Amino acid sequence: MALQDFIAELDSLAADAQSAFSGAGDRDALEAARVEFLGAKAGRLKAVQKGMGTVDSGDKPAAGQKFNAVKKAIEESFEAASSRLASAGSSVNQDDFDVTLPGTPLRIGRLHPITQTIERMKEIMGRLGFSAVEGPEIEDDRHNFEALNIPLSHPARDPLDNFYLSTATKTAKAGAGPDGKPLLLRSQTSTVQIRVMESTPPPVRIVSLGRVYRPDTADATHYPMFHQIEGLLVDKGVTMADLKSVLRMFCQSYYKREAGHEEEVHIRFRPSFFPFTEPSVEVDINWQGGWMEIGGAGMVDPNVLRAVGYDPEEVTGFAFGMGVERIAMRQHNITDIRDLYTNDVRFLAQF
Ligand code: DAH
């Protein structure tokens, strides 16, 4: 067989194979074409290959080269056809798509009940003219105790009642503040009163809501981390009457329309003691025929005003502090504080 004839045969085979592969409409047709052209026993390429034996021996190398090139081209066009069918098979057939089916509903997230309570408190206090400020959760001795008139010997500083970062007091080690005294996770938001007054001249009118930490064992009513709302108003001529009316207006707004609070809101003060207020009171609100304690309050102690450079002869002020969880739990009838922090979505999704 002449070399030209062999080459011509290969070229026409390649053209046939290519059109058969690209014309195959489905996997079965493509497989049939594969067997026809590339079949190992009776494929047409195999048949043409047999002719190579009859080519003149001097032309054999050229014939072999041509054969290999054509074989490769046919195989490649088979692969191309095969991947064309594979990708076509995975796309959605427009006719099978039912546009009247309901969509896949998205699950709607919501704010944590404590966050909701905090936002609501901020909003009410904002309407009473108090701006919301934040303070650090890691505090030093001055802001958590000293400037709040809590002396060195006071039991509130007890290591058993506070999360100190380090108990090293003599040397300034890691965990100690600028004064060499140990830093701690703040045990109350009253710290923010000091931070605000240190940096702002009177008058001030702020609330601060945030986390506080105490090493309590978790039970139904205790958790080592909880939230407080702190309020502070300092100006000329502020009195205990202002404190009572602000708290009453706050409670009136907050508890209005709450379940269990159909009557008018009343506030009751009971004498108490806090180092940073004088006089100091516990605050109760009427609740389902009785009284419920909601926090502590009082007139800012002159020592506290002096500690931040205010003149107690010039200005006076009141302060109050309340537990956020307590108020939220009462409102939603939550009986175990731990439920708030287990992060079980089935529980949290109720609020
Ligand atoms: N800091 C107090 C506590 O954690 C709460 C408190 C009481 C805050 C009286 C005040 C206040 O501002 O005047 O128990």
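Residues numbered from 1 in each chain as written. Predicted model: local features only at pLDDT ≥ 70, side-chain atom pairs only at ≥ 80, totals over all residues. Heavy atoms only, no water.

### Considering the domain arrangement of the chain
Link 1 in the chain: Assigned domains within the chain: domain 1 (3-92) and domain 2 (113-348).
Link 2 in the chain: For domain 1 versus domain 2, the separation of C-alpha centres amounts to 85 Å. (Domains from an automatic or database assignment.)

### Section: the environment of leucine 148
Link 1 in the chain: Assignment of secondary structure puts leucine 148 in the loop between α6 (141-144) and β3 (163-164).
Link 2 in the chain: Each C-alpha atom of the pair leucine 148 and valine 300 lies 9.4 Å from the other, and the pair is 152 residues apart in sequence.
Link 3 in the chain: Among all residues touching leucine 148, those that are not within four sequence positions of it are Arg142, His143, Gln188, Ser190, Thr191, Gln193, Ile194, Pro275, Phe276 and Val304. (Helix = DSSP H or I, 4+ residues; strand = E, 2+ residues; numbered from the N terminus. Contact = heavy atoms within 4.5 Å.)

### Things to note about the pattern of salt bridges
When their charged atoms lie close together, side chains carrying opposite charge are able to pair.
Link 1 in the chain: This model, assessed by the stated rule, comprises 21 salt bridges.
Link 2 in the chain: In this structure, glutamate 36 engages arginine 44 in a salt bridge whose closest nitrogen and oxygen atoms are separated by 2.9 Å.
Link 3 in the chain: The partly exposed category is assigned to glutamate 36, whose relative accessible area is 37%.
Link 4 in the chain: For aspartate 336, the salt bridge identified is with arginine 338, shortest N-O distance 2.8 Å.
Link 5 in the chain: With relative accessibility at 17%, the residue aspartate 336 sits in the buried group.
Link 6 in the chain: Each of Asp141, Glu146, Arg157 and Lys181 takes part in a single network of salt bridges with overlapping partners. (Salt bridge = Lys/Arg side-chain N within 4 Å of Asp/Glu carboxyl O. Buried < 20%, exposed > 50% of the residue type's maximum accessible area, 1.4 Å probe, protein only.)

### Details of the site of the ligand
Link 1 in the chain: Near the ligand lie 15 residues; those nearest to it are Gln188, Ser190, Arg214, Gln228 and Glu230.
Link 2 in the chain: Within the side chain of glutamine 188, one N or O atom sits 2.8 Å away from a nitrogen atom of the ligand.
Link 3 in the chain: Between the ligand and serine 190, the relevant distance is 3.0 Å, taken from a nitrogen atom to a side-chain nitrogen or oxygen of the residue.
Link 4 in the chain: For the ligand, whose accessible area on its own is 360 Å², the fraction buried by protein is 88%.
Link 5 in the chain: Counting only elements with at least two residues in the shell around the ligand, the list comes to β6 (225-235), β9 (290-300) and β10 (316-323).
Link 6 in the chain: Each residue belonging to the shell around the ligand can be placed in one class, and the counts come to 5 nonpolar, 8 polar and 2 charged. (Near = heavy atom within 4 Å. Polar contact = N/O pair within 3.5 Å; in protein donor to acceptor, adjacent residues only side chain to side chain. Areas by Shrake-Rupley, 256 points an atom, 1.4 Å probe, with all protein chains shown as cover. Nonpolar A, V, L, I, M, F, W, Y, C, P; charged D, E, K, R; others polar.)

### Digging into the pairing of strand β7 (residues 267-274)
Link 1 in the chain: Across 7 bridges, the pairing between β7 and strand β8 (residues 277-287) is antiparallel. Within the sheet, the bridge partner assigned to serine 272 lies in β8 and is serine 280.
Link 2 in the chain: Taken together, β7 and the strand that follows it, β8, pair antiparallel across an intervening segment of 2 residues. (Pairing = 2+ DSSP bridges.)

### Quick notes on the sheet that holds strand β1 (residues 131-133)
The strands making up a sheet associate through backbone hydrogen bonding, with each pair oriented either parallel or antiparallel.
Link 1 in the chain: Pairing is mixed across the open sheet formed by 7 strands, whose spatial order is β1-β5-β6-β10-β9-β8-β7. The open sheet is flanked by β1 and β7, the only strands paired with a single partner. If you compare each strand with its neighbour and ignore which way they point, the axes differ by 25° on average.
Link 2 in the chain: Two elements, β9 and β10, share 5 bridges in a ladder whose sense is antiparallel. Across the sheet, residue glycine 296 finds its bridge partner in β10, namely glycine 321. (Axes fitted to C-alpha atoms, helices over the stretch in contact; angles between N-to-C directions.)

### Let's talk about the packing of aromatic side chains
The geometry of an aromatic ring pair is captured by two quantities: the separation of the ring centres and the angle between the planes.
Link 1 in the chain: One pass over the full model with this rule turns up 8 aromatic pairs.
Link 2 in the chain: Taking 6.1 Å as the distance between ring centres and 75° as the angle between the ring planes, the aromatic pair formed by phenylalanine 21 and phenylalanine 37 counts as edge-to-face. With a gap of 16 residues between them, phenylalanine 21 in helix α1 (residues 3-23) and phenylalanine 37 in helix α2 (residues 27-38) connect regions that are remote in the sequence. With respect to burial, phenylalanine 21 and phenylalanine 37 carry one shared label: buried.
Link 3 in the chain: Plain terms: the ring middles of phenylalanine 21 and phenylalanine 78 are 5.5 Å apart, the flat faces sit at 65° to each other, and that makes the pair edge-to-face. One end of the pair, phenylalanine 21, is in helix α1; the other, phenylalanine 78, is in helix α4 (residues 60-90), and 57 residues separate them in sequence. Judged on exposure class, the residue phenylalanine 21 and its partner phenylalanine 78 are both buried.
Link 4 in the chain: Members of the aromatic cluster, connected to one another through ring pairs, are Phe250, Tyr254, Tyr255 and Trp287.
Link 5 in the chain: Of note, arginine 205 hangs over the ring of phenylalanine 130, and the distance from its end group to the ring centre comes to 5.5 Å.
Link 6 in the chain: Between lysine 244 and the ring centre of phenylalanine 269, over which it is positioned, the NZ or CZ distance is 5.2 Å. (Phe/Tyr/Trp six-rings, centres within 6.5 Å; stacked < 30°, edge-to-face > 60°. Lys NZ or Arg CZ within 6 Å of the ring centre and 35° of its normal.)

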